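Listed below, chain by chain, are the residues.
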There are 2 protein chains.
Amino acid sequence: MFDEGMVNERCRWPRWRDRLRTAEQAAALIEDGMTVGMSGFTRAGEAKAVPRALAERANNEPLAITLMTGASLGNDLDKLLTEANALSRRMPFQVDATLRRAINDGSVMFMDQHLSETVELLRNRQLAEMDVAVIEACAITEEGYIVPTTSVGNSASYAILADKVIIELNLDSPAALEGLHDIYIPQMRPTRTPIPVVAPDSRIGTPYIPIDPDSVAAIVITQGKDSPSTVQPPDNDTRRIAEHLIGFFADEVEIGRLTPALLPLQAGIGNMANAVVSGLAEGPFKHLTMYSEVLQDSTFELLDSGKLDFASGCSITLSERCGERVWNDIERYRDRLILRPQELSNHPGIIRRLGIIAINTALEMDIYGNVNSTHVGGTKMMNGIGGSGDFARNAQLSVFITKSLAKGGDISSIVPFVSHVDHTEHDVDIFVTEHGLADLRGLAPRERAVQIIERCVDPSYRPALRRYFADACKRGGHTPHCLEQALSWHIAMEEHGHMRRFRSEETADAV
Amino acid sequence: MFDEGMVNERCRWPRWRDRLRTAEQAAALIEDGMTVGMSGFTRAGEAKAVPRALAERANNEPLAITLMTGASLGNDLDKLLTEANALSRRMPFQVDATLRRAINDGSVMFMDQHLSETVELLRNRQLAEMDVAVIEACAITEEGYIVPTTSVGNSASYAILADKVIIELNLDSPAALEGLHDIYIPQMRPTRTPIPVVAPDSRIGTPYIPIDPDSVAAIVITQGKDSPSTVQPPDNDTRRIAEHLIGFFADEVEIGRLTPALLPLQAGIGNMANAVVSGLAEGPFKHLTMYSEVLQDSTFELLDSGKLDFASGCSITLSERCGERVWNDIERYRDRLILRPQELSNHPGIIRRLGIIAINTALEMDIYGNVNSTHVGGTKMMNGIGGSGDFARNAQLSVFITKSLAKGGDISSIVPFVSHVDHTEHDVDIFVTEHGLADLRGLAPRERAVQIIERCVDPSYRPALRRYFADACKRGGHTPHCLEQALSWHIAMEEHGHMRRFRSEETADAV
């Protein structure tokens, strides 16, 4: 099955043999109706064998659980579990097409939560108590403590709060991950003392998850890799988004509002934010730092370029090519990386304290600056709000980026009235598309509309939005609207699959 | 003009005579186009004479400023300034009918901000720099430092950041206020150290605003009182809202999720939150604390009843009757009160740290738990978001309350789709009307809809919302909607002034 010598190297806890189980045996500890917490954040560091065994069992017997993770899982686990009808409730984030369908048809109840809040709710007993935690480890310490792999996510609190803990010791995970993690559990409220993170490189905890070793119900030896990131290199549009934003940062440095070190950076997951971070290598910046959630390829490019001094996150999700380079040479990055629990990486108080620049992707925005990050057409869940709210709400500078068009121009990402609000007008400072950047700071809604329409909307949709705004202003209001037309763009999309009737031929002022 | 002996008692700064000016002379320091910061929060502690003189001047010459305050002003100052066309821009909150009209017709640009953020934006130079600050004081120290009156609001940072400071020394303000304030200015980011508030009674600063005395451009001796609070005693509906919520707290204590001390409490301004706080005197609670924004009559009732150990806020706004009692006997409360800058009273990091129970009033809510606090019919500004977002977003328990009906039943406060979102579905835990309480914790949108419709909606509007929800569920989606009907309730209100066509005769299941 596995090389015992390798296990002994990874597992320094003398009692491990007593707890050794197969994935099937461990999965048998999970019963129908239980609440289960699993490691895994943006397809990094998820437990791999036990959920697969659980899905197989659920194919043969009624078994449905509440599944809580850090964020999304890789290796098609959410798909397998959904297909096996093993999920009755799921939180706080997902990105799987099969699970998404089940959420949208109402067969899986999904709680779309700010990623910093899940363990607070659990700790305060505002959610069902956790029966079993399943955590991937790259090592187990002498004391029986868990050293996580490529993500910390919610693993620490899940393991501490669960009645039983199943550890998947992954022999394929880089042993060199040990020492990278910084595990700190905030005290109970209302007598919590300040969390002492004062900079991205603050180390305040332990490099392992300290659990009661008696709660370890099973150790499963596994092998297998994280699913690689599907991040794409920048295209023309994402490159222009990056250029606009980097130009703005450079201007802010020029007028003395920011230093060349900017401020600790957060960048959401995905191609657009990745392109922006990559682009920072070109600007007049130095000694940059990141205090972010997931660290992507671009973080390591920026570390390599010498522009980035330090990166703090709660997971590392890399493309295959970048992963090979990084994991084979992790020593080179060791002193410039920390992986924290997502409660800390996304902590409102720390984000406010550090004065972060938050860069997140919008699905849809309206002319007044409200952002939809989650719902297609106002009804269908895409992935979830993730950490974007934790950051946008508390950042010193909250940036949202998106391409101005979707579906080859059939859809404008900027509409009169967003069909769902995840980030309110109060929480958006800067909005960027490939066409330009709207600086919304200190502006009233009517002023924001002009900036957003004229700078960010695709020229082909500008006339229709200008008309909407002009008609609305005639009716008055702090935030003028023509209510009977407000959702007409989405209704058109629902009926015809596109918004083309709001599109004009005008491209004269196209950039 | 005034009794020099009294001034000498209140003003221990030897150089005060050099700076003595009339209100008109001081107002002359304010020029057209300037950015001016004034004291005042929820009609408490605003500068009174200089803004009045400014309005008079603006009646005779072109003069329009950007006016920043703590929150709302009393003594009709916003009205006078608006009528004189003296306001071009206003932030971050207001409650005046005349100003509201000007905001809604687009003649005053209003920035509706989270109240904890205004001074952060100013400090980071993300807003125009502050030319003049006008701050009401109850005393001036030997060093020339300002002791504020009944509110701190944003006064400290305004006075520190402004080029010139005008102090209104109000001889009618209670001298005994001195010592109540706790002024602390967070350090610049990204090198800010943790703000050391660890409990409502943490004193971390100075009892005065430390300014450079050279920036004091004028001292104006004034007299006059704050406008009294218009808070009303509980009516049947607000009493029932309070009963539902207090019953819920008692249950949470019973099952051990909360202790009898609950958690530090925040209650928004207004009759409903005031009724809830009053009602706490009746429950099985003891050693309560408040970490709130404005302290209203109910805070002092609760202090008197012995249930409340300590209250921290950024302003005190009392009815005439309660004010007389409190201000004449302030020594009795001295050890149980702190007034802080609103940046501290509303600080996201402190709110998260203390695990606050936040109780705020909704203008409108939808069946999925999104809250509108600001916009009537989606377009017309009422007052502003105020501190509700600071608290709701970071509280341990976020409660929103409202009466289920408005305008004698012509309007349902619960609609299919809110016309504006100030608090997203992610940030609302508990929703209460006079009909009942919906506990939304850990629920998916479809589950929330059932709770909200069946427990909180007025029975006369339930059938229409049940139909909407059922029809929407047939179409599917994580958050089901019939987009073409989503805003129809607001469109009906816009056309007819009421939503009666959605009202049924059914009252069988009325509580």
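Named according to an unreviewed UniProt entry, chain A is Acetyl-CoA hydrolase/transferase family protein originating from Halomonas cibimaris.

Caption draft 1: Just the overall build of chain A, in detail. Scanning chain A for helices and strands turns up 19 helices and 25 strands. Its C-alpha radius of gyration of 23 Å places chain A within 12% of the 24 Å reference for a compact globule of 511 residues. Structurally, chain A occupies a C-alpha span of about 75 × 50 × 45 Å along its principal axes. For chain A, buried positions account for 66% of its 511 residues. In chain A, once contacts between residues fewer than 6 apart in sequence are set aside, the share between residues at least 24 apart is 73%. Here chain A holds 51 positive side-chain charges and 70 negative ones, and the gap between their average locations is 3 Å.

Caption draft 2: Expanded view of the packing of helix 11 (residues 297-305) of chain A against helix 12 (residues 320-327) of chain A. Residue and element names in this part refer to chain A. One way to put it is that helix 11 packs onto helix 12 with a least axis distance of 10 Å and a crossing angle of 50°. Regarding the angle of helix 11 to helix 12, the classification is oblique. You can see that helix 11 and helix 12 cross each other, and the crossing is left-handed. Here D297, F300, E301 and D304 of helix 11 lie close against helix 12, whose contacting residues are C322, R325 and V326.

Caption draft 3: Layout of the interface of chain A and chain B. With 81 residues of chain A at the contact, the number on the chain B side is 81 residues. Note on chain A versus chain B: buried area summed over both sides is about 6,800 Å², and carbon and sulfur give 51% of it. For the interface between chain A and chain B, the tally reads ten salt bridges. Between R352 of chain A and E120 of chain B there is a salt bridge, with its nearest N and O atoms 3.0 Å apart. At the junction of chain A and chain B, the tally comes to 50 residue pairs in polar contact (both at pLDDT 80 or more). Counting only elements with at least two residues in the side of chain A that touches chain B, the list comes to helix 6 (97-104), strand 4 (109-110), helix 14 (348-354), strand 19 (380-381), helix 15 (388-392), helix 16 (445-456), helix 18 (483-486) and helix 19 (488-496) of chain A. For the side of chain A that touches chain B, the element with the highest residue contribution is helix 14 of chain A, accounting for five residues. A class-by-class count of the residues in the side of chain A that touches chain B yields 28 nonpolar, 29 polar and 24 charged.

Caption draft 4: Region of the structure containing the pattern of salt bridges. Considering all chains together, one arrives at 68 salt bridges over all chains under this definition. The salt bridge partner of R125 of chain A is E129 of chain A, with a shortest N-O separation of 3.1 Å. Taking the relative accessible area as the measure of exposure, E129 of chain A reaches 53% and is therefore exposed. Two residues, K474 of chain A and D471 of chain A, come together in a salt bridge whose shortest N-O distance is 3.5 Å. Taken as a pair, K474 of chain A and D471 of chain A lie in helix 17 (residues 462-475) at a separation of three residues, close to a single helical turn. Look at K474 of chain A and you get exposed, because its relative accessible area is 70%. For D471 of chain A, a relative accessible area of 31% translates into the label partly exposed. Through salt bridges with shared partners, one network takes in E120, R123, R189, R192 and E343 of chain A together with R352 of chain B.

Caption draft 5: Fine view of the sheet that holds strand 17 (residues 371-372) of chain B. Residues and elements named next belong to chain B. Pairing is mixed in the open sheet, where three strands are placed in the order 17-16-23. In this open sheet, the two strands that pair with only one neighbour each are strand 17 and strand 23 (414-415). Here strand 16 (residues 364-366) runs beside strand 23; their pairing, made up of two bridges, is parallel. Among the inter-strand pairings, D366 is bridged to a residue of strand 23, identified as V415.

Caption draft 6: Main features of helix 17 of chain A. All names here are of chain A. With 14 residues, helix 17 should cover 20 Å at 1.5 Å per step; its first-to-last C-alpha distance of 20 Å lies within 8% of that length. Those residues of helix 17 that are buried lie in contact with strand 23 (414-415), helix 16, helix 18 and helix 19. At the exit of helix 17 stands G476, carrying a positive phi of roughly 90°.

Caption draft 7: Looking closely at the state of the cysteines. All names here are of chain B. Across all of its chains, the model carries zero disulfides over all chains by this definition. The thiol of C11 is unpaired, and the distance to the nearest cysteine sulfur, on C138, comes to 11 Å. Looking at C11, the relative accessible area reads 3%, which means it is buried.

Caption draft 8: Broad picture of the UniProt feature "domain: Acetyl-CoA hydrolase/transferase C-terminal" (unreviewed entry) in chain A. The sites that UniProt annotates as "domain: Acetyl-CoA hydrolase/transferase C-terminal" (unreviewed entry) are residues 328-468 of chain A. Measuring from the first to the last C-alpha atom of residues 328-468 of chain A gives 55 Å, for a span that is 25% helix and 26% strand.

Caption draft 9: Quick peek at the relation of the copies chain A and chain B. After a rotation of 180° and a shift along the axis of 0.0 Å, chain A superposes on chain B with an RMSD of 0.0 Å. These values place the two chain copies in the arrangement generated by a two-fold rotation axis. Taking C-alpha positions as reference, the residue of chain A nearest the rotation axis is G349 of chain A, located at 1.8 Å. Both copies present the same face, since 100% of the interface residues in chain A are matched by interface residues at the equivalent positions in chain B.

Caption draft 10: The arrangement of the sheet that holds strand 23 of chain A in detail. All names here are of chain A. Here three strands make up an open sheet; going across it, the order is 17-16-23 and the pairing mixed. Here the strands that pair on one side only, and so sit at the sheet edges, are strand 17 (371-372) and strand 23. Here two bridges tie strand 16 (residues 364-366) to strand 17, and the two strands are oriented antiparallel to one another. Note on strand 17: the bridge partner recorded for E364 is N372.

Caption draft 11: The arrangement of the UniProt feature "domain: Acetyl-CoA hydrolase/transferase N-terminal" (unreviewed entry) in chain A in detail. Under the feature "domain: Acetyl-CoA hydrolase/transferase N-terminal" (unreviewed entry), the UniProt entry names residues 16-220 of chain A. Helix makes up 23% of residues 16-220 of chain A and strand 19%. Its end C-alpha atoms lie 10 Å apart.

Caption draft 12: Summary view of the packing of aromatic side chains. All names here are of chain A. Scanning the entire structure with this criterion turns up 13 aromatic pairs over all chains. Aromatic side chains Y461 and W489 sit 5.8 Å apart centroid to centroid with 40° between the ring planes, which places their arrangement in the tilted category. Of this pair, Y461 sits in the loop between helix 16 and helix 17 while W489 sits in helix 19, and the two are 28 residues apart along the sequence. The pair formed by Y461 and W489 is uniform in burial state, with each residue classed as buried. An aromatic cluster is built from Y461, W489 and F502, whose rings are joined through pairwise contacts.

Caption draft 13: Fine view of a nonpolar patch on the surface. Taken together, the side chains of I160, L161 and I185 of chain A define a hydrophobic patch exposed on the protein surface, amounting to about 200 Å² of accessible area. When you line up the elements, L161 of chain A lands in helix 8 (residues 155-161).

Caption draft 14: The arrangement of the packing of helix 10 (residues 271-279) of chain A against helix 11 of chain A in detail. Residues and elements named next belong to chain A. It is at 8 Å that the axes of helix 10 and helix 11 come closest, and there the two elements cross at 5°. Compared by their axis directions, helix 10 and helix 11 come out roughly parallel. Residue-level inspection shows N274, V277 and S278 of helix 10 in contact with helix 11, the latter providing D297, S298, T299, E301 and L302. Among the residues forming the contact of helix 10 with helix 11, the class breakdown is two nonpolar, four polar and two charged.

Caption draft 15: Structural detail: helix 6 (residues 97-104) of chain B. Of the positions making up helix 6 of chain B, those classed as buried are T98, L99, A102, I103 and N104 of chain B. Residues of helix 6 of chain B that are buried in the fold lie against helix 16 of chain A together with helix 5 (77-83), strand 3 (87-91), strand 4 (109-110) and strand 19 (380-381) of chain B. Capping the start of helix 6 of chain B is the job of one residue whose side-chain oxygen sits 2.9 Å from the backbone nitrogen of T98 of chain B: D96 of chain B.

Thresholds, definitions, all that
- Residues numbered from 1 in each chain as written.
- Chains lettered and ligands numbered in written order.
- Predicted model: local features only at pLDDT ≥ 70, side-chain atom pairs only at ≥ 80, totals over all residues.
- Heavy atoms only, no water.
- Helix = DSSP H or I, 4+ residues; strand = E, 2+ residues; numbered from the N terminus.
- Rg over C-alpha atoms; globule rule 2.2 N^0.38 Å.
- Buried < 20%, exposed > 50% of the residue type's maximum accessible area, 1.4 Å probe, protein only.
- Contact = heavy atoms within 4.5 Å.
- Lys, Arg positive; Asp, Glu negative; His and termini not counted.
- Charge placed at Lys NZ, Arg CZ, Asp CG, Glu CD.
- Axes fitted to C-alpha atoms, helices over the stretch in contact; angles between N-to-C directions.
- Parallel < 35°, antiparallel > 145°, perpendicular 65-115°, else oblique.
- Left-handed = near helix turned anticlockwise from the far one by under 90°.
- Buried area = accessible area lost by both parts, 1.4 Å probe.
- Salt bridge = Lys/Arg side-chain N within 4 Å of Asp/Glu carboxyl O.
- Polar contact = N/O pair within 3.5 Å; in protein donor to acceptor, adjacent residues only side chain to side chain.
- Nonpolar A, V, L, I, M, F, W, Y, C, P; charged D, E, K, R; others polar.
- Pairing = 2+ DSSP bridges.
- Expected span 1.5 Å × (residues − 1).
- Disulfide = S-S within 2.5 Å.
- UniProt positions renumbered as here; feature names shortened; annotations may be inferred.
- Least-squares fit on C-alpha atoms with pLDDT ≥ 70 in both.
- Phe/Tyr/Trp six-rings, centres within 6.5 Å; stacked < 30°, edge-to-face > 60°.
- Patch = residues over 30% accessible without salt bridge, like charges linked within 9 Å, V, L, I, M, F, W, Y side chains within 5 Å.
- Areas by Shrake-Rupley, 256 points an atom, 1.4 Å probe, with all protein chains shown as cover.

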